[in-house]
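Topology and contacts: notes
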Amino acid sequence: MKDFVSMKTMTKDQLLGLLKRIEAIETGQVKPSYKKEEMFIANLFYEPSTRTKMSFEVAEKKLGLNVLDFHVESSSALKGETVYDTAKTFEAIGAKAIVIRHPKENAVQELAAQLDIPVINGGDGKGEHPTQSLLDLYTMYQEFGSFEGLKVTIVGDILHSRVARSNAIALSTLGADVRLSAKESYRDDTLDFPYLEIDEAVEDSDVIMLLRIQLERHSSKEALNKADYLNQYGLTIDRYNRLKEHAIVMHPAPVNRGVEIDDTLVEAEKSRIFKQMANGVYSRMAVIEMVLFQQQLKKGEIKHDFTYPERLYS
Amino acid sequence: MKDFVSMKTMTKDQLLGLLKRIEAIETGQVKPSYKKEEMFIANLFYEPSTRTKMSFEVAEKKLGLNVLDFHVESSSALKGETVYDTAKTFEAIGAKAIVIRHPKENAVQELAAQLDIPVINGGDGKGEHPTQSLLDLYTMYQEFGSFEGLKVTIVGDILHSRVARSNAIALSTLGADVRLSAKESYRDDTLDFPYLEIDEAVEDSDVIMLLRIQLERHSSKEALNKADYLNQYGLTIDRYNRLKEHAIVMHPAPVNRGVEIDDTLVEAEKSRIFKQMANGVYSRMAVIEMVLFQQQLKKGEIKHDFTYPERLYS
Amino acid sequence: MKDFVSMKTMTKDQLLGLLKRIEAIETGQVKPSYKKEEMFIANLFYEPSTRTKMSFEVAEKKLGLNVLDFHVESSSALKGETVYDTAKTFEAIGAKAIVIRHPKENAVQELAAQLDIPVINGGDGKGEHPTQSLLDLYTMYQEFGSFEGLKVTIVGDILHSRVARSNAIALSTLGADVRLSAKESYRDDTLDFPYLEIDEAVEDSDVIMLLRIQLERHSSKEALNKADYLNQYGLTIDRYNRLKEHAIVMHPAPVNRGVEIDDTLVEAEKSRIFKQMANGVYSRMAVIEMVLFQQQLKKGEIKHDFTYPERLYS
């Protein structure tokens, strides 16, 4: 695997291998496996981001990489330069991999197919967000140890959510029992999973995975009924109290407090929202390490007689 | 002291301790006192800044810290994320302290009360700017060695100035004789110090501390009378020539040349304007070191049988 | 030479010395020649840039420098601070050199004359772009080994191009046979070199150096005739096929694909466009190293009994 751009092509073994690797990184059992000297990586974010971008940056610096930070608002993108030409520029000046977020669905996958260096998808429009999915998976893995039969309900603005898509695919691959819950206009018919009401979902789910309502894409009329939305479709205190004993609440953030979730529940006992962010760093370290490692193998810069990632935590 | 957010709570001993520590750092007598490995700090500037932000960045890098640079204009703040959630995100991904500038008075103090990690105030609206004050104090300390009876006149747009507020408080704590000079509409009645005319001030002050006129907040009509302002309220060449032999001129910058001060005086012999900037790096190193040190003590990551900062320059 | 701001003052020996130094850096024969510890450099880009800015950043980090990244859009420039005061601020907080791009012609040269620390020109309005020129020279040097009689035709929007100006000057100094090709309204009468038609140029040039048409400065009417422009003045496939066997095609990028050059030729065999970008890193390393080295000599921080750069590759 040269790139990490989609959950569609990840096998169960690959996902479980990555999850074990993330655990090894988090618990400090391993050291990064590639040579560190003067290695650059470029972060190309064509859309606003705080946590994904900063989480990648921390991961990269922890791996000893030099980070090239692309600021689209002061770049040649203003002069009409294509994503391909910008990415090739970073490759030419020394970047060994590229992390990219782009507003257009599939733009990342197309770029990956054109470049020699690894491409990591930091979110492509309504398409996918595989590293967010990976950190979500890891958060569940920490909690439950396995995915077989795990009841995970993804709740909210599914239609606009790349997080929902990547997670539904990956969870399904891992054997979880994926369900969706959304108001009529937020449903996505291309995802083949059952819909259920939020009141039903809270009572029999192991994981309630809330999504962010993308308020900036909706009309001001809709935005006014935040309390209504919460009461009809969100996680109220009442619904929280009906969760199973061991259930957890997740959200990719940024949270619209009082919309998807009651303000007071963001840091409640069953919430893993900030834990997810911490896990994002370890998850991205594992992904970056993996693609750099495989690139170096392909180029013959390193040798081995075993496959990643067994080598590292065997 | 977990945070460094206000001069109001700083005692005379704490201030003098910090000043000695800054001196020790500037003269290379000490090394940073906390473990350096892979430690991250986040700079959250919600308002434009060159020197404060860059000065913090140099200070952080000199202390061996990894800097996480938050760009509000390409962040999730655009999606409506609160300052608290953004700051918690940085804590979750590994930041050990947060430096924050925010346009709203008290926003920094409120954040500090909510977070477990140390918060350093880089300026809160019209509230305070304690690290600017500290570097100003250090610049006077270098020059005069003590503050008892030192005649310091703060001149200019006092009403809008967080620098004036922090300095008036801290100088008063240190025993200086603080006076203010401002045109009628720039006075701040909440500060209990005597006002005097600029012509009187230049003749008997040890320190003339000019403030920036915040032209961007005033009407264009006022902005037109720059020369008038200088002649009536600013430091003209004539007034400069009437300063005491040993007196110094300070300004937090950016300077409006020809408004608060005659263009040719910015780098005059008695001016310490660029010296202040250089001192800003050492001052911020001392503050960052102090809060990280105390956080590590609190968490039991390091031990000691003496209090900061005595240990370090005894 | 304290600064690197113009090709006008560079002698043939100085240019050839730099080119050999770039080669030594690219091939790993030398190590940077100044002490590295905690040295800061500031990048002040007052205009958008991807490749120049990022290329400088990679060069700086490869030299072991700490990079201070100035973001004009969130800086005190918004409060009206002058370039001089901003640059002095960076000097005060520890920058040992400044790289600057500015929209105003000669702004960089004026700044250099006022500052004690070295200034490197990253492009001044329609003035010069000497590091772009240096990487272009190095790309030709790699290919042809010498410049005597080398037929170089600079093609395109010469009137608005600082790249054209710096290259025409430097190539002429080095003994190359410089020619220009442009539509009537893009010609610059201040450059004393012969104009020829593109169809003639492709058949007898060793180097076709295309320039970017600055579409953002032209009217929408002109912008509509991209195909016409390409056919009349640009590098079409037909013209490419008429190039000499050993000829190369260059372009400073970003490229307007389909305007200056046919889309499919950007990565054609004779194209050195991405090679130029890679060379930019080595070229900027050599320039930064040179000005820092000479500054340290001047200040007596290092001693030597030979002149740069002979010492380094003799």
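Residues numbered from 1 in each chain as written. Chains lettered and ligands numbered in written order. Predicted model: local features only at pLDDT ≥ 70, side-chain atom pairs only at ≥ 80, totals over all residues. Heavy atoms only, no water.

Moving on, we come to the overall build of chain A. Summing up its helical and strand segments, chain A has twelve helices and eight strands in all. Computed over C-alpha atoms, the radius of gyration of chain A comes to 20 Å, within 12% of the 20 Å expected from 2.2 N^0.38 for 314 residues, which places it in the range of a compact globule. About 11,700 Å² of surface is accessible on chain A, with carbon and sulfur atoms providing 47% of the total. (Helix = DSSP H or I, 4+ residues; strand = E, 2+ residues; numbered from the N terminus. Rg over C-alpha atoms; globule rule 2.2 N^0.38 Å. Areas by Shrake-Rupley, 256 points an atom, 1.4 Å probe, with all protein chains shown as cover.)

Okay, the interface of chain B and chain C next. The interface of chain B with chain C comprises 24 residues on the first partner and 24 residues on the second. Around 2,100 Å² of area is buried between chain B and chain C when both sides are counted, 57% of it from carbon and sulfur atoms. Of all residues in chain B, P48, T50 and M54 of chain B bury the most surface against chain C, accounting for 24% of the area lost on that side. The interface formed by chain B and chain C holds three salt bridges in total. Among the salt bridges present, the one from D85 of chain C reaches R257 of chain B, with a minimum N-O distance of 2.7 Å. At the surface where chain B touches chain C, the tally comes to five residue pairs in polar contact (both at pLDDT 80 or more). Looking at the side of chain B that touches chain C, the elements that each hand over two or more residues are α2 (51–62) and α11 (273–298) of chain B. Of all the elements, α2 of chain B adds the most residues to the side of chain B that touches chain C, at seven residues. (Contact = heavy atoms within 4.5 Å. Buried area = accessible area lost by both parts, 1.4 Å probe. Salt bridge = Lys/Arg side-chain N within 4 Å of Asp/Glu carboxyl O. Polar contact = N/O pair within 3.5 Å; in protein donor to acceptor, adjacent residues only side chain to side chain.)

Once that is clear, we can look at the interface of chain A and chain C. Every contact between the two is made by 24 residues of chain A and, on the other side, 23 residues of chain C. Along the contact surface separating chain A from chain C lie three salt bridges. The salt bridge involving K88 of chain A is made with E267 of chain C; its shortest N-O contact spans 3.5 Å. At the level of secondary structure, the elements contributing two or more residues to the side of chain A that touches chain C comprise β2 (66–71) and α3 (83–92) of chain A. Ranked by residue count, the leading element in the side of chain A that touches chain C is α3 of chain A, at seven residues. For the side of chain A that touches chain C, a count of residues per class yields ten nonpolar, seven polar and seven charged. (Nonpolar A, V, L, I, M, F, W, Y, C, P; charged D, E, K, R; others polar.)

With an axial shift of 0.0 Å and an RMSD of 0.0 Å, the rotation relating chain B to chain C amounts to 120°. Considering both components of the superposition, the chain copies are consistent with a three-fold axis. Residues of chain B ranked by C-alpha distance from the rotation axis are headed by E73 of chain B, positioned 5.2 Å from it. Interface residue correspondence from chain B to chain C reaches only 8%, placing this contact among heterologous pairings that use different surfaces. (Least-squares fit on C-alpha atoms with pLDDT ≥ 70 in both.)

It is worth spelling out the relation of the copies chain A and chain C at this point. Mapping chain A onto chain C calls for a rotation angle of 120° and an axial translation of 0.0 Å; the resulting RMSD is 0.0 Å. A low fraction, 8%, of the interface residues of chain A reappear at the interface in chain C, so the copies pair through non-equivalent surfaces.

It is worth spelling out the pairing of strand β3 (residues 95–102) of chain A at this point. Residues and elements named next belong to chain A. β3 sits mainly inside the fold: seven of its eight residues count as buried. Direction of pairing for strand β1 (residues 40–45) relative to β3: parallel, over a ladder of five bridges. Note on β3: the bridge partner recorded for N43 is V99. Since β3 and strand β4 (residues 119–124) lie parallel, the crossover through helix α4 (residues 107–114) that links them has a hand, and here it is right-handed. (Buried < 20%, exposed > 50% of the residue type's maximum accessible area, 1.4 Å probe, protein only. Pairing = 2+ DSSP bridges. Right-handed = clockwise from strand over helix to strand, strands pointing away.)

Rolled over the atoms, a probe sized like a water molecule indicates the empty space that remains. Size it by volume and the largest pocket reaches roughly 1,000 Å³. What lines the largest pocket is a set of 31 residues, and nearest its centre among them are K61 and N66 of chain A, K61 of chain B together with K61 and N66 of chain C. Residue composition of the lining of the largest pocket, grouped by class: eight nonpolar, nine polar and 14 charged. Estimates place the volume of the second largest pocket at around 630 Å³. Around the second largest pocket, the lining is made up of 24 residues, and of these E91, G94, A95, K96 and K299 of chain A lie nearest the centre. Contributions of two or more residues to the lining of the second largest pocket are made by α3, β3 and α11 (273–298) of chain A together with α11 (273–298) of chain C. (1 Å grid on protein atoms, 1.4 Å probe; cavity = no way out; pocket = protein on both sides within 12 Å on 5 of 7 lines; lining within 4 Å. Points joined across faces, edges and corners; volume = space filled by probe spheres on them.)

Attention now goes to the sheet that holds strand β4 (residues 119–124) of chain C. Strand order in this open sheet of four strands is β2-β1-β3-β4 (chain C), and the pairing throughout is parallel. Of all strands in the sheet, those with a lone pairing partner are β2 (66–71) and β4 of chain C, marking the two edges. Going from strand to strand, the sheet's axes swing by 15° on average, the running direction of each strand aside. The sheet contacts of α2 of chain B involve β1 (40–45) and β2 of chain C, and relative to β2 of chain C the element is tilted by about 165°. Strands in contact with helix α4 (residues 107–114) of chain C are β3 (95–102) and β4 of chain C; relative to β4 of chain C, the strand with the most contacts, it is inclined by about 165°. (Axes fitted to C-alpha atoms, helices over the stretch in contact; angles between N-to-C directions.)

Moving on, we come to the sheet that holds strand β6 (residues 177–181) of chain A. Residue and element names in this part refer to chain A. An order of β6-β5-β7-β8 is seen for the four strands of this open sheet, with the pairing classed as parallel. Bordering the open sheet on either side are β6 and β8 (248–250), each of which pairs with just one other strand. On average, each strand axis in the sheet is inclined to that of its neighbour by 20°, with strand direction left out of account. Here strand β5 (residues 151–155) runs beside β6; their pairing, made up of five bridges, is parallel. Within the sheet, the bridge partner assigned to V155 lies in β6 and is S181. Most of the contacts of helix α5 (residues 130–144) go to β8, to which it runs at about 170°, and overall it touches β5, β7 (207–210) and β8.

Once that is clear, we can look at the packing of helix α2 (residues 51–62) of chain C against α11 of chain C. Residue and element names in this part refer to chain C. The geometry of α2 relative to α11 is characterised by a closest axis approach of 8 Å and an angle of 55° between their N-to-C directions. One element, α2, and the other, α11, form an angle in the oblique class. Crossing angle aside, the handedness with which α2 passes α11 is right-handed. Judged by residue contacts, R51, T52, S55, F56, V58, A59, E60 and K62 of α2 engage M277, G280, V281, R284, M285 and I288 from α11. (Parallel < 35°, antiparallel > 145°, perpendicular 65-115°, else oblique. Left-handed = near helix turned anticlockwise from the far one by under 90°.)

Residue and element names in this part refer to chain A. Here chain A is partitioned into domain 1 (12–129 + 278–313) and domain 2 (130–275). Distance between the C-alpha centres of domain 1 and domain 2: 27 Å. The interface of domain 1 with domain 2 comprises 29 residues on the first partner and 30 residues on the second. In this assembly, domain 1 packs against domain 2 so that about 2,600 Å² is buried in total across both faces, 57% of it on carbon and sulfur atoms. On the domain 1 side of the contact with domain 2, L19, K126 and H129 bury the most area, a combined 27% of that side's loss. Our count for the contact surface shared by domain 1 and domain 2 stands at three salt bridges. (Domains from an automatic or database assignment.)

With that settled, the discussion passes to helix α5 (residues 130–144) of chain C. Residues and elements named next belong to chain C. Compared with an ideal rise of 1.5 Å per residue, which puts 15 residues at 21 Å, α5 spans 21 Å between its outermost C-alpha atoms and is within 8% of the ideal. A large share of α5 lies buried, amounting to twelve of its 15 residues. When α5 is considered as a whole, its buried residues turn out to be P130, T131, Q132, S133, L134, L135, D136, L137, Y138, T139, M140 and Y141. Directly beyond the C-terminal end of α5, a positive phi value near 75° is found at G145. (Expected span 1.5 Å × (residues − 1).)

Okay, the pairing of β6 of chain A next. Within β6 of chain A, four of the five residues are buried, leaving the element largely enclosed by the surrounding structure. Taken together, β5 of chain A, helix α6 (residues 162–173) of chain A and β6 of chain A form a β-α-β motif whose crossover is right-handed.

So, on to the side chain of S271 of chain A. Residues and elements named next belong to chain A. In this structure, S271 sits in the loop between β8 and α11. Reaching out from S271, the side chain makes a polar contact with the backbone nitrogen of I273 at a distance of 3.2 Å. In contact with S271, other than residues within four places in its own chain, are V249, L265 and V266.

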